[in-house]
Amino acid sequence: MNAPFETSKLHDCRDAFVATLERLGTANEDIVAVCNDSVGSSKLAGFRDKFPERLINVGIAEQNMVGVGAGLANGGKIPFVCAASPFLTGRALEQIKADVAYSETNVKLVGISSGLAYGELGATHHSIEDFAWIRALPNVPVIAPADRVETAAVIEWAANFEGGCFLRLSRVGVPDLFLEDHNFDLGRANVLRQGSDLTLIANGTLTHRAMSAAEILDAKGVSARVLNMATVRPIDTTAITTAAKETGAILTCEEHTLFGGLGSAVAEVVVDACPVPMKRLGVPGVFAPTGSANFLLDEFGMSPDAIADSATALLKRKG
């Protein structure tokens, strides 16, 4: 169960996204893609070449892009609306609120290159508020898969889900964590590693770092449970409450500001259901500077070693 996982081979989750979308598109002519002059960054060239009439490129007009997606959904199509996450969520938030969430349209919002993935382009391109913005809206599940296998499973689920959703994908390479037959269940966390002393909760690019931190802790005699919390809304209250009761402490890690994201969602459950010592790791309410995503995560205390150190400090609060 707790065998070391392979970290040397990294995969771009966008590749799993487009491969799955092309496969689904072959079987279902209602599946279409909408983008904002982002065919390259969304890796939609193959979809465009296979289905030239089913790729709509609106140019750099994110608000219009979401509206077009909603119109296509109202016409019976299944639109995957793809754009760099900071611009999809920030620039088009009103359209997401009114045209997707309030109107309950069947639009699949795909935030590409989320979190700190555009690190070298600086604060304007960081997408570290998207969990908070979309999580506040009704009717839109918020999901951040951890590897290529979970990404493929999430896209499969989204195509069959009747309703809007926000899928948060990175361009930063991550190792495999799930077996090829993995099925995604909305609102259900996955126990990737059992443990009894505390629980590490993460998603997206942070899950494999949490796994590495658990191995570091294991070498020090600390048993850390690892939960992959791909769904931020609806959150898995049962898994969180069980972890709090059985391990007595919770540490969250996220590629997001500490305000309103995964850590906040987990803390809301903990404070209501089973208060235990808790620590949240993330971007501490500042504009993140320029630098590679991995460099910035390390700088904000989310290297595997730093996560393990934070966990060790948290354990002292258990009493």
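Residues numbered from 1 in each chain as written. Predicted model: local features only at pLDDT ≥ 70, side-chain atom pairs only at ≥ 80, totals over all residues. Heavy atoms only, no water.

Enquirer: Explain the overall build of the chain residue by residue, including any values.
Expert: A tally of helices and strands in the chain yields twelve helices and twelve strands. Considering only C-alpha atoms, the chain reaches an extent of 60 × 40 × 35 Å along its principal axes. Within the span of the chain, comprising 319 residues, buried residues form 60% of the whole. In the chain, the proportion of contacts linking residues at least 24 apart, taken out of those at least 6 apart, comes to 78%. Accessible area for the chain stands at about 12500 Å²; split by element, carbon and sulfur atoms hold 50% of it. Across the chain, the centroid of the 27 positively charged side chains sits 3 Å from that of the 37 negatively charged ones. (Helix = DSSP H or I, 4+ residues; strand = E, 2+ residues; numbered from the N terminus. Buried < 20%, exposed > 50% of the residue type's maximum accessible area, 1.4 Å probe, protein only. Contact = heavy atoms within 4.5 Å. Areas by Shrake-Rupley, 256 points an atom, 1.4 Å probe, with all protein chains shown as cover. Lys, Arg positive; Asp, Glu negative; His and termini not counted. Charge placed at Lys NZ, Arg CZ, Asp CG, Glu CD.)

Enquirer: Describe the pairing of strand β11 (residues 250–257), naming the residues involved and giving the relevant values.
Expert: Counting buried positions over the eight residues of β11 gives eight, a clear majority of the element. Alignment of strand β8 (residues 198–202) against β11, held across four bridges, turns out to be parallel. Pairing of L200 across the sheet is with L251, part of β11. Examined bridge by bridge, β11 and strand β12 (residues 278–283) share five bridges and lie parallel to one another. Bridge pairing in β12 links L251 to K279. In the classification by handedness, the crossover that spans β11, the intervening helix α10 (residues 262–273) and the parallel β12 is right-handed. (Pairing = 2+ DSSP bridges. Right-handed = clockwise from strand over helix to strand, strands pointing away.)

Enquirer: So what about the environment of G195? Which residues, and what values?
Expert: Here G195 shows up in the loop between β7 (190–193) and β8. The spatial distance from the C-alpha of G195 to the C-alpha of S223 is 4.7 Å, given a sequence separation of 28 residues. When sequence neighbours within four positions are dropped, the list of residues in contact with G195 reads S223, A224, R225 and T247.

Enquirer: Residue-level account of the sheet that holds strand β5 (residues 142–143), with values.
Expert: Read from one edge of the open sheet, seven strands run β2-β1-β3-β4-β6-β5-β10, paired in mixed fashion. What marks the edges here is a single partner per strand, and that holds for β2 (55–57) and β10 (231–233). Where strand β1 (residues 31–35) meets β2, three bridges bridge the pair, whose relative direction is parallel. Bridge pairing in β2 links V34 to I56.

Enquirer: Please set out the state of the cysteines residue by residue, giving values where relevant.
Expert: Taken as a whole and judged by the stated rule, the model has zero disulfides. Summary of cysteine pairing: C13 is not part of a disulfide, and the nearest cysteine sulfur, belonging to C82, is at 14 Å. Taking relative accessible area as the criterion, C13 reaches 6% and is therefore assigned buried. (Disulfide = S-S within 2.5 Å.)

Enquirer: Can you lay out unusual backbone geometry for me, pointing to particular residues and giving the numbers?
Expert: Cis peptide bonds are those with omega within 30 degrees of zero, and the linkage from R233 to P234 qualifies with -5°. If you trace the backbone, P234 turns up in the loop between β10 and α9 (237–247). Phi at D37 takes a positive value of approximately 60°, unusual for a residue other than glycine. Residue position: D37 is located in the loop between β1 and α2 (45–50).

Enquirer: I'd love a proper account of the pattern of salt bridges, names of residues and values included.
Expert: A complete count under the given rule lists 16 salt bridges for this structure. The closest approach of N and O atoms between E62 and R91, which form a salt bridge, is 2.8 Å. Placement of the pair is E62 in helix α3 (residues 62–74) and R91 in the loop between α4 (85–90) and α5 (93–102), with a sequence separation of 29 residues. On the basis of relative accessible area, R91 is assigned to the partly exposed category, the value being 40%. Across the salt bridge formed by E246 and R225, the nearest N and O atoms sit 2.8 Å from each other. With E246 in helix α9 and R225 in strand β9 (residues 224–228), this residue pair connects regions lying 21 residues apart in the sequence. On the basis of relative accessible area, R225 is assigned to the buried category, the value being 8%. Beyond isolated ion pairs, a larger network of salt bridges with shared partners links D12, R14, D15 and K43. (Salt bridge = Lys/Arg side-chain N within 4 Å of Asp/Glu carboxyl O.)

Nothing here speaks to function; it is all geometry.
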